[in-house]
Amino acid sequence: MSDCIVIGGGIIGMMSARMLAISGAEVTLIDQRECGKESSWAGGGIISPLYPWQYDDLTNDLSFESQAIYEALCDDLHHSSGVDPQYQKSGLLMMDEFESSEAKAWMKRYHIGYDRHVDGALFTHVASVRNPRLLQALKADIIQKGVKIVEHTQVENLITKEDRVLGVHTSKSDFLADKVITCAGAWSEQLLTLKDEIFPMKGQMIVLKAQVGEIPHVILNQGRYIIPRADGKILIGSTMEEVGFNRDIDDQTKQSLHEFAWQHVPALKNAEIEYHWSGFRPASRSGKVIVAKDESYQNLFINTGHFRNGLNMAPASANKITKLVNE
Ligand SMILES: Cc1cc2nc3c(=O)[nH]c(=O)nc-3n(C[C@H](O)[C@H](O)[C@H](O)COP(=O)(O)OP(=O)(O)OC[C@H]3O[C@@H](n4cnc5c(N)ncnc54)[C@H](O)[C@@H]3O)c2cc1C
């Protein structure tokens, strides 16, 4: 019997488990595959919403809180695990949308400073992380902090009695706990009392082999982006496809992502496409992230629906859910 069971070992589940363990809880984290291999692995690692004015206040608040702690958090994880999440203050060049009235109102409201780039684009001081490394570091760190990780074990349903959750029934055995936190990403729907809310939004990405320093910052235009990594690799993303849990990737998308890259950076025309993949963002019908206590069960908590911003919002979402669990 643990104090807390966390369902799902993506960035949201592992960050939540970390903060719960730091707060003194005995935590068991259960994942149906291996931790950190789904959306959190597939994402681009930009530590900001792409167009923040399109999101609600909670998303913006969690983003700002996370941005303020990310660098120190990555340093801590690097020290404890030996794996460098490669937090980079690369900056982001936004080629579109920033002239809209929503964008201007948002910048005024949050006192966001920006620089006009030579070509008229907007330069913002956004950072990025190398998310697969961040996940590796985080996993090692939470193991050191005493979190018990149970992988290749699917939570099939919650074990409930009246208005309380007693634990979870899994593909292997039952696990009991005082509190259960659902962080199952795009798969959360089946474990929530709230119905028809969370669904998968597939995104395809590619990575190109390029010269170190070919692009100094992230480039964003019309929802697509180019992200430079420290070793010269360049990520290009991403599509938005509502196709259920279909992981297929296709050549047409691969070519169109590559074309987007070389239209913005001509030198990338001959760059080799090293890998092409897809992932499922946890989208919500309301467009809102859910970091809350469940309405039906007293000791059930939900941390999901982070859509395009889960890597960005994870530290603050973990802080918030830990506060709610310990209230
Ligand atoms: C192409 C793409 C680009 C992106 N780019 C960015 C970006 O630049 N910046 C950003 O902030 N965000 C980005 N995102 C979004 C971000 O990746 C997600 O919001 C975030 O990863 C969600 O984290 P999660 O932990 O909720 O989900 P996941 O990482 O998907 O983790 C959920 C976990 O739950 C497990 N699970 C599910 N059901 C069960 C069950 N029944 N029992 C046990 N385990 C279960 C799964 O195996 C999985 O490990 C991107 C996403 C994609 C797909």
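Here the structure is shown first, and the text comes after it.
What about the overall build of the protein?
The number of helices and strands found in the protein is seven helices and 16 strands. For the protein, the C-alpha radius of gyration of 20 Å lies close to 20 Å, the compact-globule estimate for 327 residues. Here the C-alpha coordinates of the protein stretch approximately 60 × 40 × 40 Å along the principal axes. Counting every position in the protein, which comprises 327 residues, the buried fraction comes to 55%. Across the protein, every contact between residues at least 6 apart in sequence was considered, and the portion connecting residues at least 24 apart equals 73%.

Re the sheet that holds strand E4 (residues 115–116)
Strand order in the open sheet made by the eight strands is E4-E5-E3-E11-E12-E13-E10-E14, with mixed pairing throughout. Only two strands of the sheet have a single partner each, and these edge strands are E4 and strand E14 (273–284). Judged from the three bridges that link them, strand E11 (residues 218–221) and strand E12 (residues 224–228) form a sheet pairing that is antiparallel. Residue pairing in the sheet places Leu220 in a bridge with Tyr225 of E12. Contacts from helix H6 (residues 251–264) reach strand E10 (198–208), E11, E12, strand E13 (234–237) and E14 within the one sheet, and its direction differs from that of E10 by about 60°.

Overview of the site of the ligand
Taken together, 41 residues surround the ligand, and among them Asp31, Ser40, Phe307, Arg308 and Asn312 come closest. Contact distances for the ligand include 2.9 Å between an oxygen atom and a backbone N or O atom of Ile46. Contact between the ligand and Leu311: an oxygen atom at 3.0 Å from a main-chain N or O atom of the residue. With the chains in place, 99% of the 1,000 Å² that the ligand exposes on its own is no longer accessible. Elements with a contribution of two residues or more to the shell around the ligand: helix H1 (11–22), helix H2 (39–42), E10, E14 and helix H7 (310–326).

Concerning the layout of surface pockets
Of the voids in this model, the largest pocket is the one considered here, and its volume is about 410 Å³. Lining the largest pocket are 27 residues; nearest its centre among them are Ser48, Gln67, Thr124, His125 and Val126. If you list the elements that add at least two residues to the lining of the largest pocket, you get helix H3 (57–81), strand E3 (92–94), helix H4 (101–109) and strand E5 (122–124). No other element matches the five residues that H3 contributes to the lining of the largest pocket. Of the residues belonging to the lining of the largest pocket, the class tally is 17 nonpolar, nine polar and one charged. Quantified by volume, the second largest pocket comes out at close to 220 Å³. Lining the second largest pocket we find Trp41, Gly43, Arg130, Pro132, Val207, Arg229, Lys233, Leu235, Glu274, Tyr275 and Trp277.

Considering helix H5 (residues 131–144)
Spanning 14 residues, H5 covers 20 Å between terminal C-alpha atoms, matching the ideal 20 Å at 1.5 Å per step. On its buried side, H5 packs onto H1, strand E2 (27–30), H2, H3, strand E6 (148–150) and H7. Of the residues one or two after H5, Gly146 is the one with positive phi, at around 95°.

Observations regarding H6
Along its 14 residues, H6 runs 20 Å from first to last C-alpha, staying within 8% of the 20 Å computed at 1.5 Å per residue. Contacts made by the buried residues of H6 are with E10, E11, E12, E13 and E14. Between the side-chain oxygen of the N-cap and the backbone nitrogen of Gln252 there are 3.3 Å, and the N-cap of H6 in question is Asp250.

Notes on the side chain of Thr153
You can see Thr153 is positioned in the loop between E6 and strand E7 (155–161). Residue Thr153 is classed as buried on the basis of its relative accessible area of 2%. When neighbours within four sequence positions are excluded, Thr153 is seen to be in contact with Ile30, Asp31, Gln32, Thr170, Ser171, Lys172 and Phe175.

About the criteria used
Residues numbered from 1 in each chain as written. Predicted model: local features only at pLDDT ≥ 70, side-chain atom pairs only at ≥ 80, totals over all residues. Heavy atoms only, no water. Helix = DSSP H or I, 4+ residues; strand = E, 2+ residues; numbered from the N terminus. Rg over C-alpha atoms; globule rule 2.2 N^0.38 Å. Buried < 20%, exposed > 50% of the residue type's maximum accessible area, 1.4 Å probe, protein only. Contact = heavy atoms within 4.5 Å. Pairing = 2+ DSSP bridges. Axes fitted to C-alpha atoms, helices over the stretch in contact; angles between N-to-C directions. Near = heavy atom within 4 Å. Polar contact = N/O pair within 3.5 Å; in protein donor to acceptor, adjacent residues only side chain to side chain. Areas by Shrake-Rupley, 256 points an atom, 1.4 Å probe, with all protein chains shown as cover. 1 Å grid on protein atoms, 1.4 Å probe; cavity = no way out; pocket = protein on both sides within 12 Å on 5 of 7 lines; lining within 4 Å. Points joined across faces, edges and corners; volume = space filled by probe spheres on them. Nonpolar A, V, L, I, M, F, W, Y, C, P; charged D, E, K, R; others polar. Expected span 1.5 Å × (residues − 1).

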